[in-house]
Amino acid sequence: LQVQHQWIYLEPIFSSKDIQTQLPLESKRFRTVNRTWRLQIGNVKANPHLLTFCSNVKFTELLQESNRILDGVQKGLSVYLDLKRLAFSRFFFLFNDELLQILSQTVNPLAVQPHLKKLFEAVDHLDFEPYEPDPNEFIPV
């Protein structure tokens with residue numbers, strides 16, 4: 001059950017391309033567990049005699065190894081979130097899931113909108129306008 005619980009929590013997080021880019025090692029580890037988990041669940045579906053399947057030593061070892069790997073992925077994710085909070089201290093006001101929602105959509109600045117009340121006092125929302133660069137404007141590099 002621990003593997004299933006962690007997998008359910010981490011699967012939508014590591015489905016995000018932004019998170020995969022920002023956490024390549026953890027993403028690779030999660031993909032390994034994801035393949036193993038999906039294969040084993042497929043095997044369980046194919047074999048309706050669950051007690052026979054669960055008594056398989058290899059199945060138990062795979063679940064234990066998957067649990068160990070997912071613990072490492074979870075720790076790496078926690079370190080990543082702590083680094084983001086240290087870089088922008090207002091992120092300490094957000095729960096992990098809220099921060100992940102923002103970080104998993106880095107190309108979408110509107111993703112921060114639902115969390116503005118927690119991040120900034122007296123700020124309810126921001127109005128975003130499309131940026132149209134002025135061809136005559138000099139932008140230093």
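Above this note sits the structure.
Computed from a prediction, not measured in an experiment: that's the story for all the values here. (Residues numbered from 1 in each chain as written. Predicted model: local features only at pLDDT ≥ 70, side-chain atom pairs only at ≥ 80, totals over all residues. Heavy atoms only, no water.)

A. Seen up close, the packing of aromatic side chains. Applying the stated criterion to the full structure yields 4 aromatic pairs. Between Phe 88 and Phe 120, the aromatic rings sit 6.3 Å apart at their centres with planes inclined by 55 degrees, giving tilted as the arrangement. Residue Phe 88 is found in the loop between α5 (57-87) and α6 (96-103), and its partner Phe 120 is found in the segment after α7 (116-119); the two are separated by 32 residues along the sequence. Taken together, the ring pairs in this structure connect Phe 88, Phe 91 and Phe 120 into an aromatic cluster. (Phe/Tyr/Trp six-rings, centres within 6.5 Å; stacked < 30°, edge-to-face > 60°. Helix = DSSP H or I, 4+ residues; strand = E, 2+ residues; numbered from the N terminus.)

B. Highlighting the layout of surface pockets. Empty space within the largest pocket amounts to approximately 260 Å³. Together, 14 residues line the largest pocket, and Leu 1, Val 3, Trp 37, Phe 59 and Leu 63 are the ones closest to its centre. Of all the elements in the fold, those that place two or more residues in the lining of the largest pocket are α1 (2-14), α3 (24-46), α4 (50-54) and α5. Partitioned by chemical class, the residues of the lining of the largest pocket number 9 nonpolar, 5 polar and no charged. (1 Å grid on protein atoms, 1.4 Å probe; cavity = no way out; pocket = protein on both sides within 12 Å on 5 of 7 lines; lining within 4 Å. Points joined across faces, edges and corners; volume = space filled by probe spheres on them. Nonpolar A, V, L, I, M, F, W, Y, C, P; charged D, E, K, R; others polar.)

C. Summary view of the pattern of salt bridges. Counted under the stated rule, the structure contains 4 salt bridges. A salt bridge links Lys 118 to Glu 98, with the nearest nitrogen and oxygen atoms 2.7 Å apart. In this pair, Lys 118 sits in helix α7 while Glu 98 sits in helix α6, placing the two residues 20 residues apart along the sequence. Lys 118 gets classed as partly exposed once you look at its relative accessible area, which sits at 36%. (Salt bridge = Lys/Arg side-chain N within 4 Å of Asp/Glu carboxyl O. Buried < 20%, exposed > 50% of the residue type's maximum accessible area, 1.4 Å probe, protein only.)

D. Region of the structure containing the packing of α5 against α6. Remark: α5 packs on α6, axes separated minimally by 11 Å, with the N-to-C direction vectors making an angle of 80 degrees. One finds that α5 runs roughly perpendicular with respect to α6. Note on element contacts: α6 touches α5 through Asn 96, Leu 99, Leu 100 and Leu 103, opposite Leu 77, Tyr 80, Leu 81, Lys 84 and Arg 85. When its residues are assigned to classes, the contact of α5 with α6 shows 6 nonpolar, 1 polar and 2 charged. (Axes fitted to C-alpha atoms, helices over the stretch in contact; angles between N-to-C directions. Parallel < 35°, antiparallel > 145°, perpendicular 65-115°, else oblique. Contact = heavy atoms within 4.5 Å.)

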